[in-house]
Amino acid sequence: MKIVCLEANCLGDDVDLTCLEEFGEVTVYGSSTADDTPERVKDAEVIVVNKVPMNANTLSDAKNLKVICVTATGTNIIDTEYTNARGITVMNVKGYSTDAVVQHTFALLFYVYEKLSYYDHFVKSGEYVKNDIFSHFDKKFFELKGKTWGIIGLGEIGRGVTKIAEAFGCNIIYYSTSGKNYNQDYTLVTLDELLSQSDIVSIHAPLNEQTIDLIRAEELNKMKETAVLMNLGRGSIVNEADLADALEKDKITAAALDVLSKEPMTPDNPLLRIQDSTKLIITPHIAWAPVETRRRVVEEVCLNMRAYLSGVERNIVK
């Protein structure tokens, strides 16, 4: 089989792709665009891809294509109507980064919740050397115990966050973006109730018609002034211009994001106005990306391929 990996750079140069060679001849590109993809995949039987759109424009010349392996859980890059019509099998990877995203959620939270950038700078700038007492607490922060943590999107990652939040003594409430999910272990509330009651709001929902632009100025105004908003779902769930305004006007105390509406970040993103790291931290979509999880993605792709060749359905997108 002829296998084309279009975006190896998305997995990192420390990830070994040689397991793909057991299935055939492998051609690896560091990065690809929609424009150069048609030529690169015209002879491919298998495509390994992350962000390049898979549709008639990119695939029409790939007459021998049988399988698309997406190195992510989300498959919004796939025109499933087109791939289904051609009988192309699409497989994604699932569950590879749940623990990593949960871990990163708390890394982001504590950075802003305990004003760590301020205190780190206080010490390294030499100000602590001049201090007249053993401590310094000009930037106020609070315990998590007894606080209300609102989860938007109580899927596998959201449930992972709740378990750790509970260990810190938080009270958990959640909002179902689909209106279909019910978990008897936690309190289901409306979005308005979640925003007004929560001290921490974390988003772990997918991007769809129900969640796009879910958090705008109207919703931000319903939050506590002491609240922290975190987005580890998809960037377009939060209106970035409205969030920048809310942070500048102290409508909420801080925000922590790992996702943006356009990635990489564009120079006109309004959040670049917020240079105070006690108010905002943005990481470049890395919650999923510890060394172990990136390697696990490749292992999952190879497991999917073995299952496909054995006639077993595994992580097939329909």
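Preceding this paragraph is the structure being described.
Residues numbered from 1 in each chain as written. Predicted model: local features only at pLDDT ≥ 70, side-chain atom pairs only at ≥ 80, totals over all residues. Heavy atoms only, no water.

A few words now on the sheet that holds strand S3 (residues 46–49). In space, the six strands of this open sheet follow the order S2-S1-S3-S4-S5-S13, with mixed pairing throughout. The strands lining the two open edges of the sheet, one partner per strand, are strand S2 (25–28) and strand S13 (316–317). (Pairing = 2+ DSSP bridges. Helix = DSSP H or I, 4+ residues; strand = E, 2+ residues; numbered from the N terminus.)

Below, the discussion takes up the pattern of salt bridges. Under the definition given, this model contains 16 salt bridges. The salt bridge involving Arg314 is made with Glu300; its shortest N-O contact spans 3.2 Å. Taken together, the residues span a long stretch of sequence, with Arg314 in the loop between helix H10 (291–309) and S13 and Glu300 in helix H10 at a distance of 14 residues. The class of Glu300 is buried, set by a relative accessible area of 13%. Because the salt bridges share partners, they merge into one network encompassing Asp192, Glu218 and Lys222. (Salt bridge = Lys/Arg side-chain N within 4 Å of Asp/Glu carboxyl O. Buried < 20%, exposed > 50% of the residue type's maximum accessible area, 1.4 Å probe, protein only.)

Under the definition given, this model contains one disulfide. Put simply, Cys19 and Cys302 are joined by a disulfide, and their sulfur atoms are 2.0 Å apart. Judged by the sign of its S-S torsion, about 70°, the bond between Cys19 and Cys302 is right-handed. Linking Cys19 in the loop between strand S1 (2–5) and S2 with Cys302 in helix H10, this pair joins segments that are 283 residues apart in sequence. Using a relative accessible area of 1% as the deciding quantity, one classes Cys302 as buried. Cys10 forms no disulfide, and the closest cysteine sulfur to it belongs to Cys5, at a distance of 8.9 Å. (Disulfide = S-S within 2.5 Å.)

Our next topic: the packing of aromatic side chains. This model, assessed by the stated rule, comprises nine aromatic pairs. Here the aromatic residues Tyr118, Tyr119, Phe122, Tyr128 and Phe141 are joined through ring pairs into a cluster of three or more. Over the ring of Tyr29 we find Arg40, and its NZ or CZ is 4.0 Å from the ring centre. Positioned above the aromatic ring of Tyr118 is the side chain of Lys139, whose terminal nitrogen or guanidinium carbon lies 5.9 Å from the ring centre. (Phe/Tyr/Trp six-rings, centres within 6.5 Å; stacked < 30°, edge-to-face > 60°. Lys NZ or Arg CZ within 6 Å of the ring centre and 35° of its normal.)

Glancing now at the side chain of Thr37. With respect to the helices and strands, Thr37 occurs in helix H1 (residues 37–41). A residue is classified by how much of its surface remains accessible, and Thr37, at 0% relative accessible area, is buried. Once you skip the residues sitting within four places of it in the chain, Thr37 turns out to touch Leu6, Ser32, Val52, Met54 and Thr58. (Contact = heavy atoms within 4.5 Å.)

Turning our eyes to something else, we now look at the environment of Asn131. Along the chain, Asn131 falls in the loop between helix H5 (116–124) and strand S6 (148–152). What makes Asn131 partly exposed here is its relative accessible area of 23%. In this structure, Asn131 is in contact with Phe122 and His136, ignoring residues within four places of it in sequence. At 2.6 Å, the side chain of Asn131 forms a polar contact with the backbone oxygen of Ser135. (Polar contact = N/O pair within 3.5 Å; in protein donor to acceptor, adjacent residues only side chain to side chain.)

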